[in-house]
Amino acid sequence: METHGHAHDHADDHPEQEPAPRTAASPRSTSATCSKCGGPTTYTPPPPIPTWSPSDISPPPPVYRPIRYPAINISPETAAESQRAIMLAPVPQAQKVPILSPPYHFQTPVKRIASPTDARRFVDSDSGKNLLGFIVALSESIRCLKISDPCIKSATVNAVVSVLDTMFQWIDEIPPATQTSRYGNLSYRVWHSRMTDNAVDLMLQILPKENDDLLSATVEITPYFIDSFGNSSRIDYGTGHETNFAAWLYCLARLGLIGEEDYQAVVSRVFVKYLDLMRKLQLTYSLEPAGSHGVWGLDDYHFLPFVFGSSQLIDHKYMKPKSIHNEDILENFSNEYLYLGGIVFISQVKKGPFAEHSPMLNDISGVPTWNKVNSGLLKMYRAEVLEKVPIMQHFLFGSIIKWE
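## Considering the overall build of the chain
- Helix and strand counts for the chain stand at 16 helices and six strands.
- Looking at the 404 residues of the chain, the share that counts as buried comes to 51%.
- For the chain, contacts bridging at least 24 residues in sequence account for 78% of all contacts bridging at least 6.

## A word on the packing of helix α4 (residues 155–173) against helix α9 (residues 263–285)
- Where α4 contacts α9, the axes come no closer than 10 Å and their chain directions differ by 10°. Between α4 and α9, the interaxial angle falls into the category roughly parallel. Together, V157, V160, V161, L164, D165, M167, F168, W170, I171 and D172 of α4 and A265, V266, R269, V270, K273, Y274, D276, L277, K280, L281, T284 and Y285 of α9 make up the contact between the two elements.

## A word on the nonpolar core
- With 112 residues, the main nonpolar core has M167, W191, W248 and Y339 as its most contacted residues.
- Once residues within four sequence positions are removed from consideration, Y339 is found in contact with P305, F306, G309, S310, L313, I324, L361, I364, W370, V373 and L377.

## What to know about the side chain of S311
- Tracing the backbone through its elements, the reader meets S311 in helix α10 (residues 304–312).
- Classification of S311 by relative accessible area gives buried; the value is 1%.
- Once residues within four sequence positions are removed from consideration, S311 is found in contact with S139, E140, I142, R143, C144 and N374.

## Remarks on the pattern of salt bridges
- A full pass over the atoms with the stated rule returns eight salt bridges.
- When the shortest N-O distance is used, the salt bridge between D149 and K146 registers 3.4 Å.
- When its relative accessible area of 16% is taken as the criterion, D149 is described as buried.
- E384 is paired through a salt bridge with K388; the nearest N and O atoms lie 3.9 Å apart.

## Quick word on unusual backbone geometry
- Looking along the chain, the bond that leaves P102 and enters P103 is cis, with omega of 0°.
- Examined against the element boundaries, P103 turns out to sit in the loop between α1 (76–88) and β3 (110–111).
- One non-glycine residue, C144, lies in the positive phi region at around 65°.
- As for its position among the elements, C144 is in the loop between α3 (126–141) and α4.
- Of note, S286 is a non-glycine position whose phi angle comes to about 50°, a positive value.
- Note on placement: S286 falls in the loop between α9 and β5 (288–289).

## Observations regarding the confidence of the model for the chain
- Across the chain, the average pLDDT comes to 85, with 78% of residues at or above 70.
- Here residues 43–72 is modelled with pLDDT under 50, and outside its nearest four sequence neighbours on either side it reaches 77 contacts, counting other chains as well.

## A look at α9
- For α9, spanning 23 residues, the distance from its first C-alpha to its last is 31 Å, which sits close to the expected 33 Å at 1.5 Å a residue.
- With 18 of 23 residues buried, α9 is to be regarded as a mostly interior element.
- Phi turns positive, to about 50°, at S286, one or two residues after α9.

## Quick look at the packing of α3 against helix α8 (residues 239–254)
- Where α3 contacts α8, the two axes come as close as 10 Å, and the packing angle between them is 95°. Put simply, α3 runs roughly perpendicular to α8. Contact with α3, carried on its side by N130, L131, F134 and I135, involves A246, A247, L249, Y250 and A253 of α8 and no other residues of that element.
- Looking at the contact of α3 with α8 residue by residue, the class counts come to eight nonpolar, one polar and no charged.

Procedures and definitions
One numbering rule holds for all chains: residues counted from 1, following each sequence as written. Residue-level local features of this predicted model are given only where pLDDT is at least 70; pairs of side-chain atoms are given and counted only at 80 or more, and the full residue set underlies all totals for whole chains, interfaces and linings. Water and hydrogen atoms play no part in the side-chain values, which are based on all heavy atoms of the structure. In this text, helices come from DSSP runs of H or I with a minimum length of four residues, and strands from runs of E with a minimum of two, each type numbered from the N-terminal end. Exposure classes here rest on a 1.4 Å probe applied to the protein chains alone. A residue is buried below 20% of its type maximum, exposed above 50%, and partly exposed in between. The contact rule is simple, with two residues in contact once any of their heavy atoms fall within 4.5 Å. Interaxial angle, 0 to 180 degrees, is taken between N-to-C directions of lines fitted to C-alpha atoms, where a helix line uses only the stretch in contact. For classification, angles of less than 35 degrees are called roughly parallel, those exceeding 145 degrees roughly antiparallel, those between 65 and 115 degrees roughly perpendicular, and all remaining angles oblique. Only buried Ala, Val, Leu, Ile, Met, Phe, Trp, Tyr and Cys residues count toward a nonpolar core, and they belong to the same one when joined by side-chain atoms within 4.5 Å. One side-chain nitrogen of Lys or Arg within 4 Å of one carboxyl oxygen of Asp or Glu is enough to make a salt bridge. Confidence of the predictor at the level of single residues is given by pLDDT, which spans 0 to 100. The length a helix should cover is 1.5 Å for every residue beyond the first. In this count, Pro and Cys sit with the nonpolar residues alongside Ala, Val, Leu, Ile, Met, Phe, Trp and Tyr, while Asp, Glu, Lys and Arg are called charged and the others, Gly among them, polar.

Shown next as structure tokens:
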């Protein structure tokens, strides 16, 4: 009887295949059993695939099997620990925003977060909890509602929408440059420079002209606004920039310019307009995803549309999380529901099966209810955005959002 070595190789059976090279993140070779001959082998087994579900009682769909590993350098142990921490964490709750009272002490905001300890300090502080509580309140304001449903549109809301409309027009006036690179069209820097140069004037269109004290807030709120639309040096955009836009809206709430009665319009009119603007910027100037987690991120650019969008769909009579795979539903309702709109946009800009390029969203479609999706995404936003140093190291603190 012939024998063969168990280092272990059956290359003659599959001449076209080669074992994947080991990387720094791969586990050590361990003894295993050859599936062909039953003999021992030291071939390196593949690492377990990190997955995520916002509900610990709702496993991913059994037919789903991702074929690519994470783009980020993360060990399976770290991924599993992060998943457990998210599932065990309490669901963030809505909070009322305390309005600043004069005398004001507006200042140029500065960076404070340089380590994981700093990030956790912010999330655990009153400022961090209130910012997240404001986002939760926005999410609750759009619960069970469509984008087109009637809402109160205050002077501030109308002014913000008008400012975003102006920025839309600048894109039409600044066409993309002709270049060969896939990402990073240089004309974006022209657009970004115009936005930066006009940012203070844009803020003055929103702040009440009759209140001189509030007009001085431009020094503090303008940096959040400028950081909401991507980075001109890297020509990229990601969830950190989106968080800055949420923080800018929070600043307006702290100044008493938007109240809880405006929250529905802040989501369905202001945030929807902002989202449309960012998608046009992404498509026109080919913005690089900032700090993308590849297939293991929720989305290359955005997070909050899925938070707000899942709230919209809570208790919907017909549409369930698995409905994202129904083309008819996506075609007919993506303009009314942010979550479905996000799925459609991803499918337009990414090629291949949805389960391969967006496995996390695909996993979430196996969760039974939108309420569980929403609560899971809020926990994930706190853990994977607000607590992450690469995202929050650029976040700013002043007299409105205090470093405590």
